[in-house]
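Here are the chains, one letter per residue:
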Amino acid sequence: MEKLVNRMLMLFEAMGGVLNAILMLCTYAYALTVTEGTSAAAVVSAGIISLIFCCAINIVIGFIWAYVTKRHPDYMTQFFTAASGIRFLGMLAVMGACYIQVGREAMAPYALTLFLFYIINVGFHTVFFSHISNKLL
């Protein structure tokens, strides 16, 4: 089972990285079309911050999932609750840091871009873990 869990972990990390790369490319494509309101630089920097956050969250949640699956499979429901909390509190911390750095007036592209990355990654985690957990357990 350990070999299967390690393979699923690598698949999760690879799929998460590809998903976040696609989201970043979409952010760049949107930044090229921005003409009014916000600057393209703000959109790109918001995309980079969101990319770093989501990649870090994917790595952390993936390794915690592998640890719990290998050693304590009966605690999977607590893991899913904790993963939701880790994701959400991490997003709030990143938004708070962005608010402190850029101020209230420039916060819109950061909040919207981070929220977009967050929602899509939550969907990815839900689909991946529901299918994988049903196969393994």
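All of these numbers come straight from a predicted model, not from anything done at the bench.

Conventions used here
- Residues numbered from 1 in each chain as written.
- Predicted model: local features only at pLDDT ≥ 70, side-chain atom pairs only at ≥ 80, totals over all residues.
- Heavy atoms only, no water.
- Helix = DSSP H or I, 4+ residues; strand = E, 2+ residues; numbered from the N terminus.
- Buried < 20%, exposed > 50% of the residue type's maximum accessible area, 1.4 Å probe, protein only.
- Contact = heavy atoms within 4.5 Å.
- Areas by Shrake-Rupley, 256 points an atom, 1.4 Å probe, with all protein chains shown as cover.
- Lys, Arg positive; Asp, Glu negative; His and termini not counted.
- Charge placed at Lys NZ, Arg CZ, Asp CG, Glu CD.
- Axes fitted to C-alpha atoms, helices over the stretch in contact; angles between N-to-C directions.
- Parallel < 35°, antiparallel > 145°, perpendicular 65-115°, else oblique.
- Left-handed = near helix turned anticlockwise from the far one by under 90°.
- Nonpolar A, V, L, I, M, F, W, Y, C, P; charged D, E, K, R; others polar.
- Polar contact = N/O pair within 3.5 Å; in protein donor to acceptor, adjacent residues only side chain to side chain.
- Core = buried A, V, L, I, M, F, W, Y, C linked by side-chain atoms within 4.5 Å.
- Expected span 1.5 Å × (residues − 1).
- Patch = residues over 30% accessible without salt bridge, like charges linked within 9 Å, V, L, I, M, F, W, Y side chains within 5 Å.
- Salt bridge = Lys/Arg side-chain N within 4 Å of Asp/Glu carboxyl O.

Trainee: Residue-level account of the overall build of the protein, with values.
Mentor: The helix and strand tally for the protein stands at four helices and zero strands. When the elements of the protein are put in sequence order from the N terminus, they spell out α-α-α-α. Its C-alpha atoms give the protein principal-axis dimensions of roughly 55 × 25 × 15 Å. Relative to its 137 residues, the protein shows a buried fraction of 38%. In the protein, 76% of the contacts between residues at least 6 apart in sequence involve partners at least 24 apart. Of the roughly 8000 Å² of accessible surface on the protein, a fraction of 71% belongs to carbon and sulfur atoms. Of the side-chain charges in the protein, 7 are positive and 5 negative, and the distance between the mean point of each set is 13 Å.

Trainee: Mind laying out the packing of helix α1 (residues 2–33) against helix α4 (residues 108–136), listing which residues take part and the relevant values?
Mentor: Direction vectors running N to C along α1 and α4 enclose 155°, while the axes themselves pass 11 Å from each other. As far as their axial angle goes, α4 and α1 are roughly antiparallel. Both α1 and α4 take part in a crossing whose hand is right-handed. In this structure, α1 uses Leu4, Val5, Met8, Leu11, Phe12, Met15, Gly16, Leu19, Asn20, Leu23, Met24 and Thr27 to contact α4, whose residues at the interface are Thr113, Phe117, Ile120, Asn121, Phe124, His125, Phe128, Phe129, Ile132 and Leu136. Its residues assigned to classes, the contact of α1 with α4 shows 16 nonpolar, six polar and no charged.

Trainee: Can you lay out the side chain of Thr69 for me, pointing to particular residues and giving the numbers?
Mentor: In this structure, Thr69 sits in helix α2 (residues 40–71). A polar atom in the side chain of Thr69 sits 2.7 Å from the backbone oxygen of Trp65.

Trainee: Before we move on, could you go through the nonpolar core and cite the residues and values that matter?
Mentor: Judged by nonpolar contacts, the single largest core of 29 residues is most densely connected at Phe53, Ile61, Trp65, Phe79, Phe128, Phe129 and Ile132. For this core, the elements supplying multiple residues, two or more each, are α1, α2, α3 (76–102) and α4. If you tally residues by element for this core, the top one is α4, at nine residues. When neighbours within four sequence positions are excluded, Phe79 is seen to be in contact with Ile61, Ile64, Trp65, Val68 and Phe129.

Trainee: Which residues make up α3, and what are the values?
Mentor: Here α3 contains 27 residues, and its C-alpha end-to-end distance of 39 Å stays within 8% of the 39 Å for a straight helix at 1.5 Å per residue. Within α3, burial applies to Met76, Phe79, Ala83, Arg87, Gly90, Met91, Val94 and Cys98. Buried residues along α3 sit in contact with α2 and α4.

Trainee: Outline a nonpolar patch on the surface, supporting the account with residue identities and numerical values.
Mentor: Together, Leu25, Tyr28, Ile48 and Ile52 line one region of the surface with nonpolar side chains, adding up to about 390 Å² of accessible area. Mapping Ile48 onto the fold places it in helix α2. Judged by relative accessible area, which is 36%, Ile48 ranks as partly exposed.

Functional significance is not addressed by these values, which are geometric in nature.
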